[in-house]
Structure formats: C-alpha cells, structure tokens
Amino acid sequence: MSSTRSRALEKIALGEEEQARAEATRKRKARTIVVMGTVAGLLIAGLAFVGYNVYDIYASTRAKTEYESTYDAYLASVSQLDESLVSVSNTLNECRDSVADQKVCEDLEHLNAQGLELSNLRLEKSDIHAKTTREIRKEIKVIKEKQDVVEQAREALLAALGPVAQSQIDKIKVSINEAIEEAERIISQAQKIVDDTKDEVQNPATRDGALEAIQALRSQIEGVKAVTGTDTAAYVAALNSLNQATETVRTKANEVVYSHQLWEEERLRAEAEASASAEAEASAKAAEEEQRKAEEEKRKAEEKKEKGDKEKGDKRDKK
C-alpha cells in the first residue's frame, strides 16, 4: 500500500514538473514572438520612414522641376503679350483718326492698358530651394493662374483688332465713295472740255492724252469698286491709285485747256492781224481815193481857171 502511494506521489510530481516545463516553454515562445514582432514592427517602421523620405525627395524634385517649366511657360506667355503690345502700338497711334466708330479704339486702348499692366507687374521667380513641396505646388498654382490671365489678355487684345480693322474699312469706304464721286465729276468736266475743243487746240496730242487718262480713270473706278475683304492696305492702295488717276485726268484736262487758250490766242492774233491788214488796206484805199479826189478837184479847178482865163482873153479880143 505504501508502494502504491509512493508511485501516485511520483506521478503527481512528474505531472507538475511537466506542466512547469510546458509553462516555461509557452512563456519563452511568447517572449520570442513579442521580440520578433517588435523587431518586425521596427523594421517596417524603418522601411516606411525611409520610403516616405525617398518619396518626399522625389516629390520635391519633381515639384521643383515642374515649377521651373511652369515659370518658363509663364515668361513665354508674357513675351508673346509684349510682342502683341508692340504690334498693336502702331494701330493705337493712328486708330482714332482712321476709324468710323471711336468706341473700337476705346476698347483697344483699355485692353492695351491691361496688357501693359500685366507685363509690368510680371511675377518674379521665387527661391524654391528652401520651400516645402506643398509650398512649391502653391507657387505653381499661382503662376498657372497668372499665365491664364496673361494669355486671356493677349487673346482679347488681338481679338479687338478685328473691330478696329472693320471700322477702318468702313471709314475708308466713305472716303472711297467720295473719291469716286469726285472722279466721276472730273471725268464729266474733262470729257466736256475735250468735246468742246475739237480742232481748237494748238497741240492735238493733248486731247488724245486726256481721253486716255479718262479711260484709265474709268477702269480705276471699276477696280476700286471690286475691292473686298478685311485688308485695309488693299483699300488704302485702291484709294490712293484712284486719287492719283483723278489728278492725272485733271492735269490732262488743264493741258487741253491751255492748248485751247494758245489756239485761241493764235486765232485772235491772226484775226487781229487780218483786221489790221484790212484796215491798213482800207486806209490806203481811202487815202488813194482822197488823193484822187483832191487831184480831180485840182484838175477841175485848173480847168475852170484856164477856161476863165480863156473867156477873159476872148472878151479882150472882141473889144
């Protein structure tokens, strides 16, 4: 019986020892897992930190590169605006004297002033090396917004040239219509001068020249009426050519008038010479007639005297 109890106690002791060993083993595993988990966590955190720093460096570099390209694009837009402002300056200088509607000049002047302000107040390049990525991206956003404003101002400025050009054409057309009326009036006058001086000019070539100039002016009128489009230069050239052709007809007609005056002077001189010659001839004939009459009277007087003397002599003889 004592032997049986001893074995039972041994079994109990062995069980407790096994449980203790198992508990120790479990605790060691738990500590190992905690340590491994901590190490793994630290590793992941380290990798994450490194990854974040690498991404931040990459994002910052990319943002800086984007800033440079964005600012360059902004400067290019400002340069284009400056070029447009220069090209518009000539139009502005002559605008008010060359348009039918002054409002188009006012609009162009207003847009030009806005463009000049944008050009003068251009953004300065920032020192982005000390800025964060977020600050750099805010700078980029501001530059893009300014670039949009510059491009819109340039587009509006160039678009305003269209109404100015059309208004210039409207005014030129008024001048052209007036020039056509004047040309037709000169043609009528010149044609009448040519018709009225037929065979009454000193130099017939002047009439031929006038007729050629009249025909050329008629052709020029038709050419001016055919001009279309929005190119003011074409209308100005046509108007200048028309005015020049009109002046040519006026000059040629004056040459005909002058040649007619010379012809008239020659005619009057010839008539005066003929009249003087006729008067001289008549005067000579009158003088001859007077002389003849005087001689005839003298002869008669002599004959009468001779007759009287003869009668007195006959009377003396009879006594």
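Thresholds, definitions, all that
Residues numbered from 1 in each chain as written. Predicted model: local features only at pLDDT ≥ 70, side-chain atom pairs only at ≥ 80, totals over all residues. Heavy atoms only, no water. Helix = DSSP H or I, 4+ residues; strand = E, 2+ residues; numbered from the N terminus. Buried < 20%, exposed > 50% of the residue type's maximum accessible area, 1.4 Å probe, protein only. Contact = heavy atoms within 4.5 Å. Areas by Shrake-Rupley, 256 points an atom, 1.4 Å probe, with all protein chains shown as cover. Core = buried A, V, L, I, M, F, W, Y, C linked by side-chain atoms within 4.5 Å. Disulfide = S-S within 2.5 Å. Patch = residues over 30% accessible without salt bridge, like charges linked within 9 Å, V, L, I, M, F, W, Y side chains within 5 Å. Salt bridge = Lys/Arg side-chain N within 4 Å of Asp/Glu carboxyl O. Lys, Arg positive; Asp, Glu negative; His and termini not counted. Charge placed at Lys NZ, Arg CZ, Asp CG, Glu CD. Phe/Tyr/Trp six-rings, centres within 6.5 Å; stacked < 30°, edge-to-face > 60°. Axes fitted to C-alpha atoms, helices over the stretch in contact; angles between N-to-C directions. Parallel < 35°, antiparallel > 145°, perpendicular 65-115°, else oblique. Left-handed = near helix turned anticlockwise from the far one by under 90°. Nonpolar A, V, L, I, M, F, W, Y, C, P; charged D, E, K, R; others polar. pLDDT = per-residue confidence, 0-100.

Some points on the overall build of the protein chain
Point 1. Regarding its fold elements, the protein chain presents five helices and zero strands.
Point 2. Along its sequence from the N terminus, the protein chain presents helices and strands in the succession α-α-α-α-α.
Point 3. Taking all 319 residues of the protein chain together, the buried fraction comes to 23%.
Point 4. Contacts in the protein chain between residues at least 24 apart in sequence constitute 83% of all its contacts with a sequence separation of at least 6.
Point 5. Accessible surface, the protein chain: about 22,300 Å² in total, of which carbon and sulfur atoms supply 54%.

A closer look at the nonpolar core
Point 1. Of all hydrophobic cores here, the largest spans 23 residues; its most connected members are Y67, Y74, V99, L108, I136, L157 and V164.
Point 2. Of all the elements in the fold, those that place two or more residues in this core are α1 (2-98), α2 (102-120) and α3 (133-196).
Point 3. The contacts of V99, once residues within four sequence positions are left out, are V104, C105, V164, S167, Q168 and K171.
Point 4. Counting residues in hydrophobic clusters, the runner-up holds 21 residues, among them I176, A190, A245 and A253.

Regarding the environment of S219
Point 1. Structurally, S219 is set in helix α4 (residues 205-225).
Point 2. With a relative accessible area of 45%, S219 lands in the partly exposed category.
Point 3. Spatially, the C-alpha atom of S219 lies 9.6 Å from that of L242, the residues being 23 residues apart in sequence.

Side note on the state of the cysteines
Point 1. This structure, assessed with the given rule, holds one disulfide.
Point 2. There is a disulfide in this structure between C95 and C105, and the S-S distance comes to 1.9 Å. Looking down the S-S bond of the C95 and C105 bridge, the torsion is -95°, so its handedness is left-handed. A residue pair is termed long-range when its members are at least 10 positions apart, and C95 in helix α1 and C105 in helix α2 qualify at ten residues. For the pair shown, C95 and C105 are each scored as buried.

Focus: a negative patch on the surface
Point 1. Together, E145, D148, E151 and E155 line one region of the surface with negative charge.
Point 2. Topologically, E145 is positioned in helix α3.
Point 3. Residue E145 is classed as partly exposed on the basis of its relative accessible area of 44%.

A word on the environment of E155
Point 1. Assignment of secondary structure puts E155 in helix α3.
Point 2. Linking E155 and L111, residues 44 residues apart in sequence, is a C-alpha distance of 10.0 Å.

Here we look at the packing of aromatic side chains
Point 1. Scanning the model with the defined rule gives two aromatic pairs in all.
Point 2. Taking the centre distance of 6.3 Å and the plane angle of 10° together, the rings of Y67 and Y71 count as stacked. With Y67 and Y71 both in helix α1 and four residues apart, this pair spans about one turn of that helix. Judged on exposure class, the residue Y67 and its partner Y71 are both buried.
Point 3. Given the relative accessible area of 7%, Y71 is considered buried.
Point 4. Members of the aromatic cluster, joined through ring pairs, are Y67, Y71 and Y74.

A closer look at the packing of α3 against α4
Point 1. Contact pair α3 / α4: the axes reach a minimum separation of 10 Å and the direction vectors enclose 155°. Looking at the two axes, α3 sits roughly antiparallel to α4. The way α3 lies across α4 gives a crossing that is left-handed. Facing α3, whose interface residues are I176, I180, A183, E184, I187, A190, Q191 and V194, α4 presents R207, A210, L211, I214, L217, R218, I221, V224 and K225.
Point 2. Here the contact of α3 with α4 is built from residues that sort into twelve nonpolar, one polar and four charged.

As for the side chain of R207
Point 1. Among the secondary structure elements, R207 is positioned in helix α4.
Point 2. Within the buried core, R207 has no salt-bridge partner, and the shortest N-O distance to an opposite charge, that of D195, equals 5.1 Å.
Point 3. Each residue touching R207, except ones within four places of it in the same chain, is listed here: V194, T197, K198, V201 and V256.

Description of the confidence of the model for the protein chain
Point 1. For the protein chain, per-residue confidence averages 86 on the pLDDT scale, and 85% of positions sit at 70 or higher.
Point 2. Taken element by element, the protein chain is modelled with least confidence in α1, mean pLDDT 74, and with most confidence in α4, mean pLDDT 97.

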